[in-house]
Amino acid sequence: MLWYSQLNIFCSLVSHMANESRPCPCDIGDRFDYESRGQEVQAEHIKAYVCKPPASTDKAVIVIHDIFGWQLPNTRYMADMLAAHGYIAICPDFFVGQEAWKLSNDWATFNDWLKTRNAGKIDKEVDVILKYLREQCGAKKIGVIGFCWGGAAVQHLMLKNPHLKTGVSLYGVIRFFEDRSSLLHPTFFIFAEKDEHIPLEQVTLLEQKLKQNCKVDYEVKIYPGQTHGFVHRKREDINPQDKPYIEEGRKDMINWLNKYL
């Protein structure tokens with residue numbers, strides 16, 4: 001049974017009020033108090049969390065974390081979910097030892113913090129993880145999913161990396177790569193209708209560019225009434241009105257991976 005603890009909402013509100021101009025959409029939401037099933041490993045210079053399914057498989061999924069880093073229980077919960085559906089799941093530390101963002105940080109410093117954590121400059125780390133998955137886990141078919149910062153990283157990889165089979169970008173910040181849409185691999189984009197920092201106009205423009213330039217399968221889906229982070233940062237038990245969409249988003253993600261891996 002999973003046990004959860006809710007983040008102190010008051011502290012989040014105070015942080016929000018103290019930093020009216022916020023360059024990033026991320027509130028941590030409902031932080032899961034979750035005992036993960038996998039283990040931490042070292043892949044060359046990168047630490048990573050790995051969870052494997054009960055049965056052997058040659059299919060793997062790289063899980064790219066959000067700004068709160070690779071140790072966030074919510075993200076490990078998603079990795080374990082992938083393993084329960086038959087995939088080797090690995091969540092590397094794509095900040096490579098640099099500190100993840102903390103709620104206590106001043107949002108006014110966020111842009112400076114982000115300069116050394118560029119979602120479009122993770123290729124070296126991805127190559128290391130691909131090698132690890134092939135040599136240590138026997139993986140042959142490898143996909144990628146990512147949340148927020150990691151969702152933008154997925155879009156980058158789908159535009160550039162020839163070794164991945166497919167990707168799912170969950171509320172990836174479009175402005176990071178808004179001028180690029182010639183995807184190499186089938187990609188599923190999950191967005192929230194009420195995401196204050198990814199306006200629906202941006203999503204519509206992305207769809208238009210994909211329709212014009214993309215030669216592989218893709219899908220852009222907007223989930224009604226949802227806010228940024230809903231698939232991995234909302235708990236169904238305290239958000240009953242959102243439960244159908246949380247479950248739908250996770251199911252859609254798994255179905256996409258099943259289809260292309």
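Summarised in this report is the structure supplied together with it. On a predicted model such as this, the values are computed, not experimentally measured, just so you know.

### Topic: the packing of aromatic side chains
Stage number 1. Using the criterion set out here, one finds 13 aromatic pairs in the structure.
Stage number 2. Seen in terms of ring centroids, Phe-147 and Tyr-171 are 6.5 Å apart; in terms of plane orientation they differ by 40°. Their pairing is tilted. Of this pair, Phe-147 sits in strand β5 (residues 141–147) while Tyr-171 sits in the loop between β6 (167–170) and β7 (187–192), and the two are 24 residues apart along the sequence.
Stage number 3. You can call Phe-147 buried: its relative accessible area is 0%.
Stage number 4. On the numbers, 5.2 Å between centres and 50° between planes, the contact of Tyr-223 with Phe-230 is tilted.
Stage number 5. Residue classification places Tyr-223 among the buried residues on the basis of a relative accessible area of 1%.
Stage number 6. Taken together, the aromatic side chains of Phe-95, Trp-101, Trp-107, Phe-110, Trp-113 and Trp-149 make up a single cluster linked through ring pairs.
Stage number 7. Over the face of the ring belonging to Trp-70 we find Arg-76, whose NZ or CZ atom lies 4.9 Å from the ring centre.

### Things to note about helix α5 (residues 149–160)
Stage number 1. Given a rise of 1.5 Å per residue, twelve residues ought to cover 16 Å, and the 17 Å separating the end C-alpha atoms of α5 matches this to within 8%.
Stage number 2. Most of α5 is tucked away, with eleven of its twelve residues classed as buried.
Stage number 3. Where α5 is concerned, the buried positions are Trp-149, Gly-150, Gly-151, Ala-152, Ala-153, Val-154, Gln-155, His-156, Leu-157, Met-158 and Leu-159.

### Overview of the sheet that holds strand β4 (residues 88–92)
Stage number 1. Strand order in this open sheet of eight strands is β1-β2-β4-β3-β5-β6-β7-β8, and the pairing throughout is mixed. Both edges of this open sheet fall to β1 (39–43) and β8 (218–223), since each of them pairs with a single strand only. In this sheet, adjacent strand axes meet at a mean angle of 20° when their direction is disregarded.
Stage number 2. Pairing analysis gives four bridges linking β5 to β6, with the strands arranged parallel. Bridge assignment links Val-144 to a residue of β6, and that residue is Gly-167.
Stage number 3. On the sheet, α5 packs against β3 (59–64), β5, β6 and β7 and is oriented at approximately 140° with respect to β5.

### Details of the pairing of β4
Stage number 1. Judged by how many residues are buried, β4 sits mostly within the fold: five of five residues are covered.
Stage number 2. By the alternation rule, side chains of β4 split into Ile-88, Ile-90 and Pro-92 and Ala-89 and Cys-91, which are all buried.
Stage number 3. Sheet topology note: the strand β2 (residues 46–51)/β4 ladder contains four bridges and is antiparallel. Pairing of Cys-51 across the sheet is with Ala-89, part of β4.
Stage number 4. In the sheet, β3 pairs with β4 via three bridges, with the strands oriented parallel. Bridge assignment links Ile-62 to a residue of β4, and that residue is Ile-90.
Stage number 5. Note that the unit made of β3, helix α2 (residues 73–84) and β4 has a crossover that is right-handed.

### Section: the pattern of salt bridges
Stage number 1. All chains considered together, the criterion is met by nine salt bridges.
Stage number 2. Asp-66 is the partner of Arg-233 in a salt bridge, and the nearest nitrogen-oxygen pair spans 2.7 Å. A residue pair is termed long-range when its members are at least 10 positions apart, and Arg-233 in helix α7 (residues 230–233) and Asp-66 in the loop between β3 and α2 qualify at 167 residues.
Stage number 3. Using a relative accessible area of 0% as the deciding quantity, one classes Asp-66 as buried.
Stage number 4. Its salt-bridge partner being Asp-252, residue Lys-221 comes within 2.7 Å of it at the nearest N-O pair. Of this pair, Lys-221 sits in strand β8 while Asp-252 is found in helix α8 (residues 243–260), placing the two residues 31 residues apart along the sequence.
Stage number 5. With relative accessibility at 17%, the residue Asp-252 sits in the buried group.

Thresholds, definitions, all that
Residues numbered from 1 in each chain as written. Predicted model: local features only at pLDDT ≥ 70, side-chain atom pairs only at ≥ 80, totals over all residues. Heavy atoms only, no water. Phe/Tyr/Trp six-rings, centres within 6.5 Å; stacked < 30°, edge-to-face > 60°. Helix = DSSP H or I, 4+ residues; strand = E, 2+ residues; numbered from the N terminus. Buried < 20%, exposed > 50% of the residue type's maximum accessible area, 1.4 Å probe, protein only. Lys NZ or Arg CZ within 6 Å of the ring centre and 35° of its normal. Expected span 1.5 Å × (residues − 1). Pairing = 2+ DSSP bridges. Axes fitted to C-alpha atoms, helices over the stretch in contact; angles between N-to-C directions. Contact = heavy atoms within 4.5 Å. Right-handed = clockwise from strand over helix to strand, strands pointing away. Salt bridge = Lys/Arg side-chain N within 4 Å of Asp/Glu carboxyl O.

Scope: geometric values only; no functional claims are made or implied.
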